[in-house]
Amino acid sequence: MSLTPFTKQQLLPQEEKLEVGKQRSDLFIGIPKETSYQERRICLIPDAVASLVAHGHRVMIEAGAGVSSSYSDKEFSDAGAEITSDTRKVFSCPVILKVEPPTIQEIEMMAHQGLLISAIQIKTQKKEYFEALASKKITGLAFEFIKDEDGSYPAVKSLSEIAGTASVLIASELMINQKIGKGLLLGNITGVPPTEVVIVGAGTVAEYAARTALGLGANVKVFDNSITKLRRLQNNLNQRIFTSTIQEKVLLKALMRCDVAIGAMRGKNRTPIVVTETMVERMKKGAVIIDVCIDTGGCFETSEVTTHEKPTFIKNNVIHYCVPNIPSRYSKTASMSISNIITPFLLQIAEDGGIESSIRCNYGLKNGIYFYHGLLTNRPVAEWFNIPFRDINLLIF
């Protein structure tokens, strides 16, 4: 008789096992007030709350959470949200929705085995954050890692669009600043040479900065070392503009002539310094530098982190604006943007019967999971903090 790993019972014909149909689940979402410095956004706007409530879900919002985005508690309560001043009560909800990652104290208030949906901001995080999530066996879903059907990152993209557009609008404000500005109108007036704008980088931030500057009539020059990115940028803008790889001589010449320089580079760990202090010294007096990538180190050597309250400083007669969280300045627009991205995902999670079955069916959502029941499942995070890593595909079938 041949050896077999199966029992006699298992070798008999078995009945067919079909997949169990999905069971819709109801969500109970808690939205606490943001406590991070300068964070003024909220994850859901009243319209999104109304949509979730209409689908049978519960939303509990901490009193005053939407005030800095110009949404009153009354608007949320009219949309069907429950308003409470008890922070602990909000954090005890099974699903927590936040813009910024929670603090260690906030994680301690969270429900055991809860679901946390927020940004992760890996560059500013500490190992203790992940240890706190592990102790509560929490499942964490990060905005930055959620993918769309086309493989892009919708949350990152839309905030980059805001930052890119804003960088040009901020520069135009600074150019007419009473104390330091040159009194220049950003744009193109008949008979007057147009404003010169230099953009370092060719990603989404650069594309929207270029689009805004061109819309105002400025002359735009874009520098990046990726020919593919420069080509894509020109195709997206639907017009030919000055593009160049980063060559010191060409870049210096452009910087010496420009009125506005925008840093929009992205690096793997830290943004590379592309513009040295000696280059900045040779720029025009009263020129404006907007370093959008300051949150990952900045691509101008002279950049130093500033705040929304005191956003600028002058170095080498050049105005520097280096605020890390530009979208927060436009809190209502940014809140609408985040809300529009996150609401369909929430409805999908409920339709699929909870996060467990939702990440089985949805690759984009699965990509957003960095913590699964207290186990770290994101390789870049594991390498960055030297924490043991588990492949999510081995935890979920």
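Preceding block: the structure.
In every chain, residue numbers begin from 1 and rise along the written sequence. At least 70 in pLDDT is required for a residue's local features to be given in this predicted model, at least 80 for side-chain atom pairs to be given and counted, and no such filter applies to totals for whole chains, interfaces and linings, which use all residues. Excluded from the side-chain calculations are hydrogens and water; all other atoms, namely the structure's heavy atoms, are used.

Draft legend 1. Broad picture of the side chain of serine 337. Under the scheme used here, helices are H or I runs from DSSP no shorter than 4 residues and strands are E runs no shorter than 2 residues, and both carry numbers assigned from the N terminus. Mapped onto the fold, serine 337 is located in helix 12 (residues 331-352). Three exposure classes are used, based on accessible area relative to the maximum for each residue type with a 1.4 Å probe and protein chains only: buried under 20%, partly exposed in between, and exposed over 50%. In this structure serine 337 comes out as buried when scored by relative accessible area, which is 17%. Throughout, a residue-residue contact means that at least one pair of heavy atoms, one from each residue, lies within 4.5 Å. Once you skip the residues sitting within four places of it in the chain, serine 337 turns out to touch Ser158 and Ile162.

Draft legend 2. Inspection of the pairing of strand 1 (residues 28-31) at higher detail. As paired strands, strand 1 and strand 2 (residues 58-62) are joined by 4 bridges and run parallel to one another. Bridged to phenylalanine 28 within strand 2 is arginine 58. Clockwise travel from the first strand over the helix to the second, with the strands pointing away from the viewer, marks a crossover as right-handed. You can see the chain leave strand 1, run along helix 2 (residues 46-54) and come back into strand 2, and the turn it takes is right-handed. Both strand 1 and strand 4 (residues 95-97) contribute to a ladder of 2 bridges, which runs parallel. Each residue of the ladder has a partner; that of glycine 30, found in strand 4, is isoleucine 96. Paired strands are those between which DSSP finds at least two bridges.

Draft legend 3. Looking closely at the packing of aromatic side chains. In this analysis, rings of Phe, Tyr and Trp, with Trp reduced to its six-membered ring, are considered paired at centre separations within 6.5 Å, and the interplanar angle assigns stacked below 30 degrees, edge-to-face beyond 60, and tilted for intermediate values. Summed over all chains, the structure comprises 7 aromatic pairs. Ring centres of phenylalanine 130 and phenylalanine 371 lie 6.2 Å apart, and the angle between their planes is 20°; this geometry places the pair in the stacked category. A residue pair is termed long-range when its members are at least 10 positions apart, and phenylalanine 130 in helix 6 (residues 127-135) and phenylalanine 371 in strand 14 (residues 369-372) qualify at 241 residues. By the burial criterion, phenylalanine 130 is buried, and phenylalanine 371 matches it. With a centroid separation of 5.8 Å and 55° between ring planes, the pair formed by phenylalanine 223 and phenylalanine 242 is classed as tilted. Of this pair, phenylalanine 223 sits in strand 8 (residues 219-223) while phenylalanine 242 sits in strand 9 (residues 242-244); the two residues are 19 residues apart in sequence, bridging distant segments of the chain. Take phenylalanine 242: its relative accessible area is 34%, and that puts it in the partly exposed class. Connected via pairs of aromatic rings, a cluster forms that spans Tyr129, Phe130, Tyr370, Phe371 and Phe385. Two thresholds decide whether a charge sits over a ring: the Lys NZ or Arg CZ must be within 6 Å of the ring centre and within 35 degrees of the ring normal. Taking the ring centre of phenylalanine 28 as reference, the NZ or CZ of arginine 58 above it sits at 3.9 Å.

Draft legend 4. Spatial organisation of helix 8 (residues 204-216). By this rule the span expected of a helix is its residue count minus one, scaled by 1.5 Å. Counted at 1.5 Å a residue, the expected span for helix 8 with its 13 residues is 18 Å, and the 19 Å between its end C-alpha atoms agrees. Phi turns positive, to about 100°, at glycine 217, one or two residues after helix 8.

Draft legend 5. Highlighting the sheet that holds strand 14. One open sheet accounts for 8 strands, arranged 3-2-1-4-5-6-14-15; its pairing is mixed. The sheet terminates laterally at strand 3 (82-84) and strand 15 (375-376), the two strands that pair on one side only. In terms of strand pairing, strand 5 (residues 115-118) meets strand 6 (residues 139-142) through 4 bridges, oriented parallel. Following the sheet pairing, isoleucine 117 is matched in strand 6 by leucine 141. Note on geometry: axes are C-alpha line fits, over the in-contact stretch for helices, and angles between N-to-C directions span 0 to 180 degrees. Packed on one face of the sheet, helix 6 meets strand 5, strand 14 and strand 15 and runs near 50° to strand 14.

Draft legend 6. Local environment of the packing of helix 7 (residues 154-174) against helix 8. Two elements in contact, helix 7 and helix 8, have axes whose closest approach is 7 Å; the angle formed by their N-to-C orientations is 40°. In this view, helix 7 runs oblique relative to helix 8, as classed from their interaxial angle. The chirality of how helix 7 crosses helix 8 is right-handed. Side by side, helix 7 and helix 8 meet where Lys157, Ser160, Glu161, Gly164, Thr165, Ser167, Val168 and Leu169 of the first sit next to Thr204, Val205, Tyr208, Ala209, Thr212, Ala213 and Leu216 of the second. Each angle receives one of four descriptions, namely roughly parallel if under 35 degrees, roughly antiparallel if over 145, roughly perpendicular if within 65 to 115, and oblique otherwise. In this scheme the handedness of a crossing depends on how the near helix is turned from the far one: anticlockwise by less than a right angle means left-handed, clockwise means right-handed.

Draft legend 7. Inspection of the pattern of salt bridges at higher detail. Salt bridges, as used here, are contacts in which a Lys or Arg side-chain nitrogen is within 4 Å of a carboxyl oxygen on Asp or Glu. One pass over the structure, following the stated rule, counts 10 salt bridges. When the shortest N-O distance is used, the salt bridge between lysine 98 and glutamate 106 registers 4.0 Å. An identical accessibility class is assigned to lysine 98 and glutamate 106; each is buried. Through salt bridges that share partners, Glu34, Lys98 and Glu106 make up one connected network.

Draft legend 8. Layout of a nonpolar patch on the surface. The patch calculation keeps residues exceeding 30% relative accessible area without a salt bridge and links them within 9 Å when they carry like charges or within 5 Å when they are nonpolar (Val, Leu, Ile, Met, Phe, Trp, Tyr). Throughout, the Shrake-Rupley method with a 1.4 Å probe supplies accessible areas, and for residues the shown protein chains are the sole cover considered. Taken together, the side chains of Leu185, Ile189 and Val192 present a nonpolar region at the surface, about 290 Å² in accessible area. Of note, leucine 185 is situated in the loop between helix 7 and strand 7 (196-200). Since its relative accessible area comes to 57%, leucine 185 is described here as exposed.

Draft legend 9. Representation of the environment of tyrosine 129 within the structure. Counting through the fold element by element, tyrosine 129 comes out in helix 6. Spatially, the C-alpha atoms of tyrosine 129 and alanine 48 are 29 Å apart, while their sequence positions differ by 81 residues. Aside from chain neighbours lying at most four places away, what touches tyrosine 129 is Pro101, Pro102, Ile104, Ile107, Leu116, Ser118 and Tyr370.

Draft legend 10. Fine view of the sheet that holds strand 9. A sheet is described by the order of its strands in space; here 7 strands give the open sequence 9-8-7-10-11-13-12, paired in mixed fashion. The open sheet is flanked by strand 9 and strand 12 (312-315), the only strands paired with a single partner. The sheet shows a mean angle of 20° between the axes of neighbouring strands, direction not considered. Looking at chain direction, strand 11 (residues 288-291) and strand 13 (residues 318-321) are connected through 3 bridges and run parallel.

Draft legend 11. The nonpolar core, seen in detail. Counting residues in each nonpolar core, the largest one holds 41 residues, and the members touching the most others are Leu44, Leu97, Ile117 and Leu346. Contributing elements (two or more residues each) for this core: strand 1, helix 2, strand 2, strand 4, strand 5, helix 12, helix 13 (355-361) and strand 14. With 7 residues, helix 12 is the largest single contributor of residues to this core. Ignoring any residue separated from it by four or fewer positions in sequence, one finds leucine 44 in contact with Ile31, Val49, Leu52, Phe76, Leu97, Ser339, Ile342, Thr343 and Leu346. By convention a nonpolar core is built from buried Ala, Val, Leu, Ile, Met, Phe, Trp, Tyr and Cys residues, the set being connected through side-chain atoms within 4.5 Å. In terms of nonpolar packing, the next biggest core, distinct from the first, is built from 33 residues, Ala163, Val292, Tyr321 and Ile326 among them.

Geometric values such as these leave the question of function open.
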